[in-house]
Amino acid sequence: MIRNTTNDAEIWDAFRLGDKTAYGKIYELYFDALYAYGKKFLLDSAQVEDAIQDLFINLWRSKARLSAVDNIKYYLFRSLRRDIHRISEKDKTLEKIDFDSFLVNQDHPADESATSDSDLLQRLTSILENLPKRKLEAITLRYFENFSIEEIAVIMDVSEKTVRNTLHNSMILLRKNSKLLYTLILLTLVFLWF
Amino acid sequence: MYIYNAKYDTLNTLTLKDYRNYKAEDFLHDERFRAWVISKGKQETAYWEKFKTDFPDKAGELTLAKSLYLSLDHLQVLPEKKAKDRVWAQLERSILESSLETSNSRSPFYRWWMAAAAILIMAGVAWSLRSTFSGAPVEYGKQISQTEIPLHEKINTSKKEQIISLKDGSTVRLKSGSKLSYSDFALKDRIVYLDGEGYFDIVKDPTKPFIVYAGHIVVQVVGTRFHVHSNTGNTKSNVAVTSGKVKVFAADKSDGLGKDTESLAVYLSPNQQVVFDANTNKFKTSLVEKPVQLEGTGDAKQFYFTNTSVGGILHTLETAYGVSIRSENTKLESCKITAPLGDLPLFRKLDIICQTIGATYEVFGTEIVISGGDCNL
C-alpha cells in the first residue's frame, strides 16, 4: 500500500485544529486495523473496543497539544500498544498474553505427515497461529501492516536487532515448513490463483 | 537476464530493481506487489503476469509472499460493523459533552479541554485603572451588589487562613484580607464571588457547575481543587490547577450568570496555570512551578527505571503528571537507560533523564519539549 505521507499530515493537522470530519476520517481509516491489532493482546472484544474508545477520546481531548505526525497508523499503533500494556499490567484478572517471551528459538520441526489436501495457505496459517504471540505480532506488523524495523522496535519496545532476528528466524521457519509443498503446489497455484 | 536501473517504469519495461535477488520478504515490501495482493489480483494484474513469464524462477518466492500475506490477513480478527458504529456513537457523545465549541473557527491561541478541575486563581500585582465597557461587572463589589441571589459574605480580617464550608460540602481556604460571598446553592449553579486569594476544594456535582467570579475572570469547575487569586484593582489574575480541570474566561464576556457569551476561554488541566491580563484581554497558559503527581497514578516506586526505553519513561511521566512531553529526536524513543527517579520533583526527574542522554528540555506553554540527545553516551 502506498502510504501517502502528505495526506496523513494534512488530515492530522486538520484534526488537531478541531476539524471533526478529519477526526472521523482517522477513526474510519484505522479502526479495523487497531481492532485486529488489539485483539492479539486482549482476548475480550469489549475490552478492545473500550481501549480504542479511550484512545480516541484522549486523542480528541489532547488534540491541541499534539505534535505534527506524518504516519498516523504508526502513532495510533504505538499509543494503543502502550495503553493495552498498561491495562494488562494493572488488571491481573485479565487473561494475559506473555509479553516477555520473545526470541524463543525453539526448533519447530517440519510436520512430515502433511495431509494431502492441505494447501500452502492452510499450512502457513496453522504455523503462524502456533507461534509465540510476540513473533506473530512482529511478523504481522512487518509483512501485513508494512511498518519499518525502526517503527516496529518502538511499537513493541524492543531493540531493532531483536526485531530483525525474530523476523529472520520466522521466515526461515515458514520457508522450511512450506518447502515440502512447494514443488507440488507451485505450478498449480501460479496458474489457478487469480 | 538483464538488470534495469531505469528511474521510471511503464507496463512494458519490467524492472526498476534487481528482481533476481528478491525473496518473499522483499516482495512484501514492494508497493506494486502489495497493491496486487491487497486488491486480490484486480490491480497490477498485467504487470505481474508479465513478471511471471519473465522471471519464472521467482514464482516460488512470489507464491510464498502472497500466501504469507493472505494467511496473516486470514488471522486478522476484524470488528463487526455495528461495533465500529457503536464506539463512534459513544465518542460523539463524549466529545459533545466535553466540547463547548461554537461553529466559529477557533483561534489557535486558545485551548479547549473538558472543564472540571482544581484551580488556583491568583491576581497579579499590576495596578492600573481599567474602565469596564458594556458587559457584566468585573469588580467584586459591583458583582455582589448586582446579583439577586441572597449572599453570605465572609471577610477574613485575621492574619491566618480561614476555612469556609459551603452548603454542598465544598471548602474554601480564604487568605488573610480576602473576601468571599456565597449563597445556599439552591439554584442550578453554585456561584461564589471572590476578592483576593483562595484555595478551593470543590465537591463533584456534574449537575451543578461550580462557578467562581474573581474580578476580571470567571472560573468554572465541576469538582476539583484549585487556587484563585484576583484582587479588585489589579488587572492580572491567576488560576492554577491542582487536580481536575477548569474553564477560565473573561468576566466581562459573561452574562453574569456563569455562561460566557463569547467562546474565548481557556481550559486547564492539573499542573497547569493561566494568567489573565485584563489590559490586553489575553490569557497566558503555562505549567505550575512544581507539578505534582496526579491522584490515582501510582506511587513513587514506578519511577525507579532500570533499562527502560526513554519513550516509555516519558510516557509514564506524562500519565503520572498529566503533562505533555514531546521529544523531537525519535531515535531516543527506544534508547534504554537506568534512572532511579523516585519521588523527585518532575523537573528534577527531567534534568536527570536529559543529563543521562545528553539532551535538553524546554517548557513551551504547557508542553515540555526534549531536544538533542544521543543514545550512545
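Residues numbered from 1 in each chain as written. Chains lettered and ligands numbered in written order. Predicted model: local features only at pLDDT ≥ 70, side-chain atom pairs only at ≥ 80, totals over all residues.

On to the overall build of chain A, then. Within chain A one finds eight helices and zero strands. Secondary structure elements of chain A, listed N to C terminal, follow the sequence α-α-α-α-α-α-α-α. Here chain A holds 194 residues, and the buried ones make up 30% of them. For chain A, the share of sequence-separated contacts (at least 6 apart) that also reach a separation of at least 24 residues comes to 70%. (Helix = DSSP H or I, 4+ residues; strand = E, 2+ residues; numbered from the N terminus. Buried ≥ 20, exposed ≤ 12 C-beta atoms within 10 Å, placed from the backbone. Contact = placed C-beta atoms within 7 Å.)

Looking only at helices and strands, one finds eight helices and 19 strands in chain B. Relative to its 377 residues, chain B shows a buried fraction of 39%. Sequence-distant contacts in chain B: of pairs separated by 6 or more residues, those separated by 24 or more amount to 59%.

Moving on, we come to the interface of chain B and chain A. Of the residues lining the interface, 51 residues belong to chain B; the matching set on chain A comes to 46 residues. If you list the elements that add at least two residues to the side of chain B that touches chain A, you get helix 1 (24–29), helix 2 (31–38), helix 4 (59–75), helix 5 (81–98), helix 7 (310–321) and strand 16 (324–327) of chain B. Here the residues of the side of chain B that touches chain A are counted per class, giving 21 nonpolar, 18 polar and 12 charged. (Nonpolar A, V, L, I, M, F, W, Y, C, P; charged D, E, K, R; others polar.)

Glancing now at the pairing of strand 19 (residues 367–372) of chain B. Residue and element names in this part refer to chain B. Pairing of strand 16 with strand 19 involves four bridges; the strand directions are parallel. Bridging from a neighbouring strand, serine 324 pairs with glutamate 367 of strand 19. The sheet contact formed by strand 18 (residues 359–364) and strand 19 spans six bridges and is antiparallel. Each residue of the ladder has a partner; that of tyrosine 361, found in strand 19, is isoleucine 370. Taking the residues that link successive antiparallel strands as the turn, the strand 18-strand 19 hairpin has two residues, and the phi of glycine 365 there is positive, at about 65°. (Pairing = 2+ DSSP bridges.)

Residues and elements named next belong to chain A. Close contact between helix 4 (residues 72–90) and helix 7 (residues 149–156) brings their axes to 8 Å; oriented N to C, the two are set at 25°. Relative to helix 7, helix 4 is oriented roughly parallel. Contact with helix 4, carried on its side by Tyr74, Phe77, Arg78 and Arg81, involves Glu151, Val154 and Ile155 of helix 7 and no other residues of that element. Its residues assigned to classes, the contact of helix 4 with helix 7 comprises four nonpolar, no polar and three charged. (Axes fitted to C-alpha atoms, helices over the stretch in contact; angles between N-to-C directions. Parallel < 35°, antiparallel > 145°, perpendicular 65-115°, else oblique.)

On to the confidence of the model for chain A, then. Residues of chain A with pLDDT of at least 70 account for 74%, and the chain-wide mean is 79. Segment residues 94–118 of chain A is flagged for pLDDT under 50; beyond a separation of four residues in sequence, or across chains, it makes 23 contacts in the model. (pLDDT = per-residue confidence, 0-100.)

Take the environment of Ser230(B) next. Residue and element names in this part refer to chain B. Counting through the fold element by element, serine 230 comes out in strand 10 (residues 225–230). Under the C-beta neighbour-count criterion, serine 230 is labelled buried, with 32 such atoms within 10 Å. Residues serine 230 and glutamate 139, 91 residues apart in the sequence, show an inter-C-alpha distance of 9.8 Å.

Let's shift gears to the sheet that holds strand 16 of chain B. All names here are of chain B. An order of 16-19-18 is seen for the three strands of this open sheet, with the pairing classed as mixed. In this open sheet, the two edge strands, each paired with only one partner strand, are strand 16 and strand 18. On average, each strand axis in the sheet is tilted by 20° relative to the strand beside it, whichever way the strands run. The strands that helix 8 (residues 346–357) touches are strand 18 and strand 19; relative to strand 18, the one it contacts most, it runs at about 145°.

Core analysis: the largest hydrophobic core is formed by 57 residues, its most contacted members being Ile52(A), Leu80(A), Ile152(A), Leu28(B), Ala65(B), Leu68(B) and Tyr69(B). It is helix 2 (residues 20–38) of chain A that contributes the most residues to this core, eight residues altogether. Setting aside anything within four residues of it in sequence, one finds Tyr69(B) in contact with Tyr143(A), Phe144(A), Leu28(B) and Val37(B). Val138(B), Ile191(B), Val219(B) and Val275(B) belong to the second largest nonpolar core, which has 41 residues in total. (Core = buried A, V, L, I, M, F, W, Y, C linked by C-beta atoms within 7 Å.)

Residues and elements named next belong to chain B. Of all residues in chain B, 81% have pLDDT values of 70 or greater, and the mean over the chain is 78. Low confidence marks residues 1–15, where pLDDT is under 50. Its contacts with residues over four positions away, or in another chain, come to 14 contacts. In this model residues 100–134 is a low-confidence stretch, pLDDT under 50, and it forms 123 contacts with partners more than four residues away in sequence or in other chains. Taken together, the chains of this predicted complex give a pTM of 0.47 and an interface ipTM of 0.80.

Residues and elements named next belong to chain A. Between helix 2 and helix 4, the least distance of the axes is 10 Å, while the angle of their chain directions is 45°. Between helix 2 and helix 4, the angle falls in the class oblique. Crossing geometry of helix 2 relative to helix 4 is assigned as right-handed. Seen from helix 2, the contacting residues are Ile26, Tyr30, Ala33, Leu34, Tyr37 and Gly38; seen from helix 4, they are Ile72, Lys73, Leu76, Phe77, Leu80 and Ile84. Looking at the contact of helix 2 with helix 4 residue by residue, the class counts come to 10 nonpolar, one polar and one charged. (Left-handed = near helix turned anticlockwise from the far one by under 90°.)

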